[in-house]
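Observations on chain architecture
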Amino acid sequence: MPPTHGSICRRRRSAAVALGQVSGPEAALRALDELGEVPRLRRHRPFHTARAITLSELGRAGEAE
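Not measured: the values here are computed from a predicted model.

What counts and how
Residues numbered from 1 in each chain as written. Predicted model: local features only at pLDDT ≥ 70, side-chain atom pairs only at ≥ 80, totals over all residues. Heavy atoms only, no water. Helix = DSSP H or I, 4+ residues; strand = E, 2+ residues; numbered from the N terminus. Buried < 20%, exposed > 50% of the residue type's maximum accessible area, 1.4 Å probe, protein only. Contact = heavy atoms within 4.5 Å. Axes fitted to C-alpha atoms, helices over the stretch in contact; angles between N-to-C directions. Parallel < 35°, antiparallel > 145°, perpendicular 65-115°, else oblique. Left-handed = near helix turned anticlockwise from the far one by under 90°. Salt bridge = Lys/Arg side-chain N within 4 Å of Asp/Glu carboxyl O. Lys, Arg positive; Asp, Glu negative; His and termini not counted. Core = buried A, V, L, I, M, F, W, Y, C linked by side-chain atoms within 4.5 Å.

With that out of the way, let us pick up the side chain of Arg 51. Note on placement: Arg 51 falls in helix H4 (residues 45-57). Residue classification places Arg 51 among the buried positions, given a relative accessible area of 16%. For Arg 51, the contacting residues outside a window of four places in its chain are Leu 29, Leu 32, Asp 33 and Glu 63.

Closest axis-to-axis distance for the helix H2 (residues 25-35)/H4 pair is 9 Å, and the angle between their directions is 150°. By the angle class used here, H2 and H4 are roughly antiparallel. In terms of crossing hand, the pair formed by H2 and H4 is left-handed. Of the residues in H4, those touching H2 at Pro 25, Ala 28, Leu 29, Leu 32, Asp 33 and Leu 35 are Phe 47, Ala 50, Arg 51, Thr 54, Leu 55 and Glu 57.

Moving on, we come to the pattern of salt bridges. Applying the stated rule across the entire model yields two salt bridges. Here Arg 60 and Glu 63 are joined by a salt bridge, their closest N and O atoms 2.8 Å apart. Overall, Glu 63 belongs to the partly exposed group, its relative accessible area being 43%.

With respect to the helices, strands and loops of the structure, Arg 13 is situated in helix H1 (residues 5-23). For the buried Arg 13, no salt bridge exists, and the shortest N-O distance to an oppositely charged side chain is 13 Å, to Glu 57. Apart from the residues lying within four places of it in its own chain, the contact partners of Arg 13 are Leu 32, Leu 35, His 44, Pro 46, Phe 47 and Ala 50.

A few words now on the environment of Arg 10. Its place among the elements puts Arg 10 in helix H1. Each C-alpha atom, one on Arg 10 and one on Asp 33, is 14 Å from the other, the two residues being 23 residues apart in sequence.

The tendency in soluble globular proteins is for nonpolar side chains to be buried side by side. In terms of nonpolar packing, the biggest core is built from nine residues, these being Cys 9, Ala 16, Ala 31, Leu 32, Leu 35, Val 38, Leu 41, Phe 47 and Ala 50. If one sorts the elements of this core by residue count, H2 sits on top with three residues. Discounting residues that sit within four places of it in the chain, Ala 16 has contacts with Ala 28, Ala 31, Leu 32 and Leu 35.

Structural measurements only, silent on function.
This is the structure in structure tokens:
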């Protein structure tokens, strides 16, 4: 069975979070911001949670949506 659009978005979000653990929160934020261009993902709460946590790690929690 081929992957669904939702599962692909979840995988890409997870990859961005993992990238942050390896390369730092700046790398994670860049990857998450690229994903933010996907309209469906902008409605996905875990995406916003991951982005808010990453911004907090950067000392920029006030920028979280």
